[in-house]
Protein chains: 2
Amino acid sequence: MGVVVSLDESRSDPESSLNDLVALVAGGMERVNTTILSRTGSAVTMIPEVAQHLIASGGKRLRPILTLACADLCGYRGGDGAVKLAASVEFMHTATLLHDDVVDESDMRRGRVAARIKWGNEASVLVGDFLLGQAFRMMVEVGSLRALDILSSAATVIAEGEVMQLTAAKNTETSEDEYLAVIRGKTAELFAAACEVGPVLAERPRAEQAACRSYGMNLGIAFQLVDDVLDYGGTSASLGKNVGDDFREGKITLPIVLAFRRGSEEERTFWRRTLQDGVIEDGDLETALNILRRHRALEDTTERARHYGAMARDALALFPNGPVKTALLQVVDFCIARAH
Amino acid sequence: MGVVVSLDESRSDPESSLNDLVALVAGGMERVNTTILSRTGSAVTMIPEVAQHLIASGGKRLRPILTLACADLCGYRGGDGAVKLAASVEFMHTATLLHDDVVDESDMRRGRVAARIKWGNEASVLVGDFLLGQAFRMMVEVGSLRALDILSSAATVIAEGEVMQLTAAKNTETSEDEYLAVIRGKTAELFAAACEVGPVLAERPRAEQAACRSYGMNLGIAFQLVDDVLDYGGTSASLGKNVGDDFREGKITLPIVLAFRRGSEEERTFWRRTLQDGVIEDGDLETALNILRRHRALEDTTERARHYGAMARDALALFPNGPVKTALLQVVDFCIARAH
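Quick notes on the rules
- Residues numbered from 1 in each chain as written.
- Chains lettered and ligands numbered in written order.
- Predicted model: local features only at pLDDT ≥ 70, side-chain atom pairs only at ≥ 80, totals over all residues.
- Heavy atoms only, no water.
- Helix = DSSP H or I, 4+ residues; strand = E, 2+ residues; numbered from the N terminus.
- Contact = heavy atoms within 4.5 Å.
- Least-squares fit on C-alpha atoms with pLDDT ≥ 70 in both.
- Salt bridge = Lys/Arg side-chain N within 4 Å of Asp/Glu carboxyl O.
- Buried < 20%, exposed > 50% of the residue type's maximum accessible area, 1.4 Å probe, protein only.

Trainee: Hey, could you run me through the side chain of Thr253(B) in this one?
Mentor: Locating Thr253(B) in the fold gives a position in the loop between α11 (245–248) and α12 (254–262). Residues within four places of Thr253(B) in sequence aside, it is in contact with Tyr179(B), Asp228(B), Tyr232(B) and Asp246(B).

Set out below in structure tokens:
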């Protein structure tokens, strides 16, 4: 089977470990993209403008890809159910991004000026609400109450995770467990739900549903942890573009949680001044990177990500081998290899 | 039947025209209130705090009352379906209010400081999202795909109406039709959906579903038009507390649409300066009230509200007479009598 790429090969180029899965679901994703375009349409012209500004700016569409792949893995050969749920998942994700930008007061998103800068906070809040509404309409069209249950619960859990992050924000005493609870909610839950609806659509037994959910949940945690590492330039910890956004926004992520606990009193004073009090001076980012390096905080965060990646792989063990399963296992490599 | 109050009596005291309906659904509303309290619960303590700040501050809960009443009118005697949908409708309304405060940058809501002032814009956006998620979860529990379709479509239409208002904001050239399109979306659609799910739960024929929807839609339009009149002190147009909020925020409402079209060039210059350019000087609100009075803009907006109220009444004509129908007709009087 030409789609199997050796793990060593895939480790050398993160993108290549995603290619197989992308190729396997290409037909479905074309329909997802068409659906996304048609469902952002509205007579109120500002809505497609704002929605497509963000949607057209790319992103890998990893979540809808996972929905299609997990449906495929479970033998779903139905009509457009998986396509509509995949589009719903991407809309839920996009709505979250629009609302996050308002919450974080971000200026940039995916390398483009944030929608809230171009059209205002109002538009970001309301177009996010519109996309959430459209997501639910599509789910209702699919007509699976179990899928609706999973995705509506996810919407609640995501918001809970975000509020939790708000409460934990700038608190340098945040524990690893507290941080994990935040990212389970704000990031991993949507990965989990995106995967879980696949077996549900295919009407497979609970065990397969739980397996896909577990795969998505652990993959999502690994994904977010690596994102946290990347925000400090990856484990090479070199100063590149966009490095240090989390630091400047005073975001407490796992590298900081680890470095704070392992650090000296002097270092803790540094973290409190910069992250808690938001007093950031020239050279502080370099100091932060030095402290993270001293405590191996980025390497160990990546190590933690590997742990969740391993759980994601094991979750799929009950499925027979095949190209989709192989490609889903490679996605774990993709997520982790980005850290380097 | 002791619940029937003559229309003349009810006209003299707006609140009394609502009392009968409130009494008829009191048992159900007690369960709705319990549901609302339990479904705002979360281990993330900020969520119940923010949600209950707004929910506890009252409001008449007209929308969930309408859901219970329309279910009752259609003979629904099921379990807790109507209660859960009524609570969902109130959550959708509360989420909209939380997001509106961020969009409008409001400082006050229902006579209390707005949640966004006390907990920040972030909390208002995210707790709104949480409540929307909970609303959908409850709908899913009820398990009626038709009800889910109606309410998820409403969520989309409400967001569309709000974005439309954003686009029309401060544009003094807005036509009456454009303004009606805005309030159909942002206000009347939720009234319509709240009423429409009643007959759907009771599995009544399409004609009853359409009748309840039409009642809710026209009642909602009348309700919003009277709200617009009240913002200028009602048809008595006296300067009381909270009078002129819309004016200060540059909101174009029907009284302004009418006065602008009927006005002199000098008056139009005044509206453009105050509403479009936001340059408001001492005495401008009095001037605005004088112009509105000169063109009978508040009386005629109330007249328009009466027209939609009449349509709401007629929509119910196909239902046999009974206490619930009588009470629903009185709600129309309640909405319009507030204008005085």
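Trainee: For this particular structure, what's the right way to read the relation of the copies chain A and chain B?
Mentor: Think of it as a corkscrew move, a rotation about one axis and a shift along it, taking one chain copy to the other. After a rotation of 180° and a shift along the axis of 0.0 Å, chain A superposes on chain B with an RMSD of 0.0 Å. What the superposition gives is, in effect, a two-fold axis relating one chain to the other. Closest approach to the rotation axis among the C-alpha atoms of chain A is made by Val125(A), whose C-alpha sits 3.7 Å away. A high fraction, 100%, of the interface residues of chain A reappear at the interface in chain B, so the copies pair face to face through one surface.

Trainee: Would you mind showing me how to read the pattern of salt bridges here?
Mentor: Side chains carrying opposite charge are able to pair once their charged atoms draw close together. Overall, the coordinates contain 43 salt bridges over all chains when judged by the stated rule. Between Glu90(A) and Arg61(A) there is a salt bridge, with the nearest N and O atoms lying 3.9 Å from each other. A residue pair is termed long-range when its members are at least 10 positions apart, and Glu90(A) in helix α6 (residues 81–104) and Arg61(A) in the loop between α4 (46–55) and α5 (62–73) qualify at 29 residues. An identical accessibility class is assigned to Glu90(A) and Arg61(A); each is buried. Put simply, Asp333(B) and Arg313(B) hold a salt bridge, and the shortest N to O gap is 3.2 Å. One end of the pair, Asp333(B), is in helix α16 (residues 323–337); the other, Arg313(B), is in helix α15 (residues 297–315), and 20 residues separate them in sequence. Owing to a relative accessible area of 6%, Asp333(B) belongs among the buried residues under this scheme. A cluster of three or more residues bridged by salt bridges with shared partners is formed by Arg39(A), Asp80(A), Lys84(A) and Glu141(A).

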